[in-house]
Amino acid sequence: MNIRIGNGYDVHKTVSDRPLILGGVNIPCEFGLLGHSDADVLVHAIMDSILGALNKGDIGKLFPDTDNKYKNADSIKLLEQVIALLYENGYKIGNIDSIVIAQRPKLMGYIPQMKENIATACRCSIENISVKATTEEGLGFTGSGEGISSLAVCIIEKI
């Protein structure tokens, strides 16, 4: 069996005039994330991990922020396009492990829906998707609330 691994990282600045969308879930919060698309850092890190495993660059290459058709784009829909590329190249998701790093808001209650959204977009079982959340104990830009970041690792398997 041919197995490949990829990792992804994304970060977005917090702003007061946008919704907070993580894992395709609109989370009630007094701030959102600045970005060309919906700025879903979790889904962006996952897409980059998949593209890395495929050796197809990153989301900036595939969905450039200079292209207005991606303005306020739904990142779950973009993930579906990445998954289509994955299948076109003869692979499927083995598993995805991801983490959101944010001082606030608390995310535990939203994680089951995030996992479901990601699994559906990835055409895989929810058992193959791990989403975790952590704080940085007030340290750094995520700890101060200036931004939210996410890391993801995926394994893809030859079909």
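As a reminder, the structure under discussion sits directly above these lines.
Values in this document were obtained by computation on a predicted structure and should not be read as measured data.

### Thoughts on unusual backbone geometry
Reasoning step 1: At the junction of Arg-104 and Pro-105, the peptide bond is cis and its omega measures out at 5° in the coordinates.
Reasoning step 2: By the secondary structure assignment, Pro-105 is in the loop between β5 (91-101) and α4 (111-122).
Reasoning step 3: Phi at Ala-39 is positive, roughly 65°, even though this residue is not glycine.
Reasoning step 4: As for its position among the elements, Ala-39 is in the loop between β4 (32-33) and α1 (41-54).
Reasoning step 5: A relative accessible area of 0% means that Ala-39 is categorised as buried.
Reasoning step 6: One non-glycine residue with positive phi stands out, namely Arg-123, at about 55°.
Reasoning step 7: By relative accessible area, which is 48% here, Arg-123 ends up partly exposed.

### So, the pattern of salt bridges
Reasoning step 1: Per the stated rule, a full pass over the model turns up 4 salt bridges.
Reasoning step 2: Among the salt bridges present, the one from Arg-104 reaches Glu-30, with a minimum N-O distance of 2.1 Å. You can see Arg-104 sitting in the loop between β5 and α4 and its partner Glu-30 sitting in the loop between β3 (25-27) and β4, a full 74 residues away along the chain.
Reasoning step 3: By relative accessible area, which is 42% here, Arg-104 ends up partly exposed.
Reasoning step 4: We note a salt bridge from Asp-97 to Lys-132, for which the minimum N-O separation is 2.4 Å. With a gap of 35 residues between them, Asp-97 in strand β5 and Lys-132 in strand β6 (residues 129-134) connect regions that are remote in the sequence.

Reading guide: rules and limits
Residues numbered from 1 in each chain as written. Predicted model: local features only at pLDDT ≥ 70, side-chain atom pairs only at ≥ 80, totals over all residues. Heavy atoms only, no water. Helix = DSSP H or I, 4+ residues; strand = E, 2+ residues; numbered from the N terminus. Buried < 20%, exposed > 50% of the residue type's maximum accessible area, 1.4 Å probe, protein only. Salt bridge = Lys/Arg side-chain N within 4 Å of Asp/Glu carboxyl O.

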